[in-house]
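# Analysis of the macromolecular model
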Amino acid sequence: MNETVYLNGQFLPREKASVSPDDRGFLFADGIYEVIKYYNGKPFRFPDHLARLKRSLEEVQIECGGVAHFEQVFAQLLAENKLEKSHAGIYLQVTRGAHQRVHHFPPNLSPTVYATAFAFPSFTENLENGIEVITREDIRWLRCDIKSVALLPNTMLYNQAREAGAGECILIRDGMVTEATHSSVLAVKNGVVITHPLSHLILPGITRKVILEICADNNIPTEERAFSEEELYEMDEVIIAGTGSEITPVIRINETPVGKQKPGEVTRFLQRTFFEMI
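The structure contained in this document is the topic of the report that follows. (Residues numbered from 1 in each chain as written. Predicted model: local features only at pLDDT ≥ 70, side-chain atom pairs only at ≥ 80, totals over all residues. Heavy atoms only, no water.)

## Digging into the overall build of the protein chain
Applicable threshold: Numbering goes from the N terminus for both helices and strands, where a helix is a DSSP run of H or I of at least four residues and a strand is a run of E of at least two. We take the radius of gyration over the C-alpha atoms and set the globule estimate at 2.2 Å times the residue count to the 0.38 power. Each residue is assigned to one of three classes by its accessible area relative to the maximum for its type, calculated with a 1.4 Å probe on protein chains only: buried under 20%, partly exposed between the two thresholds, exposed over 50%. In what follows, a contact means two residues having at least one pair of non-hydrogen atoms within 4.5 Å. For every accessible area listed, the method is Shrake-Rupley and the probe measures 1.4 Å; residues are considered covered only by the protein chains on display. A positive count includes Lys and Arg, and a negative count includes Asp and Glu. His and the chain ends are not counted in either. By convention, the charge on Lys lies at NZ, on Arg at CZ, on Asp at CG and on Glu at CD.
When you go through the protein chain residue by residue, the secondary structure sums to eight helices and 15 strands. A compact globule built from 278 residues would reach a C-alpha radius of gyration of about 19 Å, and the protein chain, at 19 Å, matches this within 12%. Within the protein chain, buried positions represent 50% of all 278 residues. Considering only contacts in the protein chain between residues 6 or more positions apart, those separated by 24 or more positions represent 71%. If you sum the accessible surface of the protein chain, you get close to 13500 Å²; carbon and sulfur atoms cover 51% of it. Positive and negative charge centroids in the protein chain, built from 28 and 37 side chains respectively, lie 3 Å apart.

What follows is the structure, given as C-alpha cells:
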C-alpha cells in the first residue's frame, strides 16, 4: 500500500513529499510537533492535544492559521491510509518554514506543515509485565514544556536505555526526578500518587493529566511535587505514562527492584480505568 502523507495542504504519496533544505526545521530544529492516538478511529483527548499544540505554536511564535482544521485533516489522513478503524497514531510537525539561514525569526514565512498516520497498537507485554528503566542526568534545555522537535538529548538518552536493555530513561535534574525521555513519570508511596509539578522543566503530558483526573474521581490522594532520585528507589510503584506508553509499570530501576518487582495495585487500577475510558 502506498502511504499517503499531508504536506502544506496536500495529501500525496510519501515518496513525492519534499521539504526545502532551507527549512528552519532542518537547519535549526525550529518547529514543534504533536502525537495523537486514535482507538478504533476515535481520537483520545483530542481537545487537550489541540490545546497543547496551540500553546507550543504560540510559545515559539509560529503562526499556521489556527489548529481547528487539523481535525478534518487527520480524519482524511487516517482514511487515506485505511487506518480509520484501528489503533493508529497521527504525527504532526509544524516548522517556521524555509528561508536563507539566519538566527532571528524571519517575518512573513509560510510554515511547513507535515502530518503522517501510522499503526499504533498498545505495547501489551510492557503494560502487563512492566519494564526496566535506567536513570541519567537531564541534559535537555530549559523549555521542556514546549513540544519542540529539538529532541537530540532525548534520543541520545533513550538510546542509552536501549543499549542497556531497558525500556525508558528517567531524567534527573539537580538530584530531582523530572520526567522520562518521551514519557511522564509518576510514583506511588503509601497509596499516594506523586509526580513533578507542571513547570518549564516538564512537558504537560496528556496521559499524566488523565491519571490525575482518575485519581481525583476515585479519591486517590495525589501530590504534585518534585521528588529526589533517592526517593525514587523507595517508591512502592513507579509509572511511565504517555500517548504511546499509556500507563506502563516500572518494575526495576538500574536493576534495582521497584516494590515487589511487579505491577502494583494502584497501577493496575489506573490501567483498568484508563482503558475503560477509551
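Read on, since the account is not over.
## Overview of the sheet that holds strand β1 (residues 4-7)
So the rule is basically this: The rule for pairing is simple: two strands pair if DSSP sees at least two bridges between them. Angles here are taken between N-to-C directions and fall from 0 to 180 degrees, while the axes themselves are lines fitted to C-alpha atoms, restricted in helices to the stretch in contact.
Ordered by their spatial adjacency, six strands build an open sheet running β2-β1-β6-β5-β3-β4, and the pairing between neighbours is antiparallel. Looking at which strands have only one partner, the edges of the open sheet turn out to be β2 (10-13) and β4 (42-43). Examined bridge by bridge, β1 and β2 share four bridges and lie antiparallel to one another. The residue of β2 that forms the bridge with V5 is L12. Running over the sheet, helix α2 (residues 46-60) touches β3 (31-39), β4 and β5 (88-95) and is turned about 175° from β3.

## A look at unusual backbone geometry
You will see that R45, though not glycine, has its phi angle at about 55°, which is positive. One can find R45 in the loop between β4 and α2. By relative accessible area, which is 18% here, R45 ends up buried. Its identity is not glycine, yet N190 carries a phi of approximately 55°, on the positive side. For N190, the location among the structural elements is in the loop between β10 (184-189) and β11 (192-195). Relative accessible area serves as the criterion here: at 66%, N190 is assigned to the exposed category.

## Points about helix α8 (residues 265-277)
In plain terms, the rule: Here the expected length of a helix is defined as 1.5 Å per residue gap, with one fewer gap than residues.
Across its 13 residues, α8 extends 19 Å between first and last C-alpha, which sits within 8% of the 18 Å expected from 1.5 Å per residue. Turning to α8, its buried residues number three or more, namely V266, T267, L270, Q271, T273 and F274.

## A look at the pairing of β3
Judged by how many residues are buried, β3 sits mostly within the fold: nine of nine residues are covered. Residues of β3 alternate between two faces, with G31, Y33, V35, K37 and Y39 on one and I32, E34, I36 and Y38 on the opposite face, all of them buried. With eight bridges joining them, β3 and β5 adopt antiparallel strand pairing. Residue pairing in the sheet places Y38 in a bridge with A88 of β5. Pairing between β3 and β4: two bridges, direction antiparallel. Directly across from Y38, in β4, lies its bridge partner P43. Two successive antiparallel strands, β3 and β4, enclose a turn made up of two residues, where N40 displays a positive phi of approximately 50°.

## Concerning the packing of aromatic side chains
Here is the rule we go by: Under the pairing criterion, centres of Phe, Tyr and Trp rings, with the six-membered ring standing for Trp, must be within 6.5 Å; the plane angle then separates stacked pairs below 30 degrees from edge-to-face pairs above 60, leaving the rest tilted. Lysine and arginine charges are scored as sitting over a ring when NZ or CZ, respectively, is within 6 Å of the ring centre and within 35 degrees of the ring normal.
Under the defined criterion, the tally for this structure stands at eight aromatic pairs. Taking the centre distance of 6.1 Å and the plane angle of 85° together, the rings of Y39 and F44 count as edge-to-face. Taking the relative accessible area as the measure of exposure, Y39 reaches 5% and is therefore buried. Note that K37 overlies the ring of F120, its terminal NZ or CZ placed 4.8 Å from the centroid. We note R96 situated over the ring of F105; from NZ or CZ to the ring centre the distance is 3.4 Å.

## Remarks on the pattern of salt bridges
As a reminder of what qualifies: The rule for a salt bridge is simple: a side-chain nitrogen of Lys or Arg has to be within 4 Å of a carboxyl oxygen of Asp or Glu.
One pass over the full model with this rule turns up 21 salt bridges. Across the salt bridge formed by R96 and D30, the nearest N and O atoms sit 2.7 Å from each other. Residue R96 is found in the loop between β5 and β6 (112-119), and its partner D30 is found in the loop between α1 (24-28) and β3; the two are separated by 66 residues along the sequence. Side by side, R96 and D30 carry an identical accessibility label, which is buried. The residue R55 makes a salt bridge to D145 at a minimum N-O spacing of 2.8 Å. Residue R55 is located in helix α2, and its partner D145 is located in the loop between β7 (131-137) and α5 (152-163); the two are separated by 90 residues in the primary sequence. With a relative accessible area of 33%, R55 lands in the partly exposed category. One continuous salt-bridge network, built from bridges that share partners, spans R45, D48, K209 and E213.

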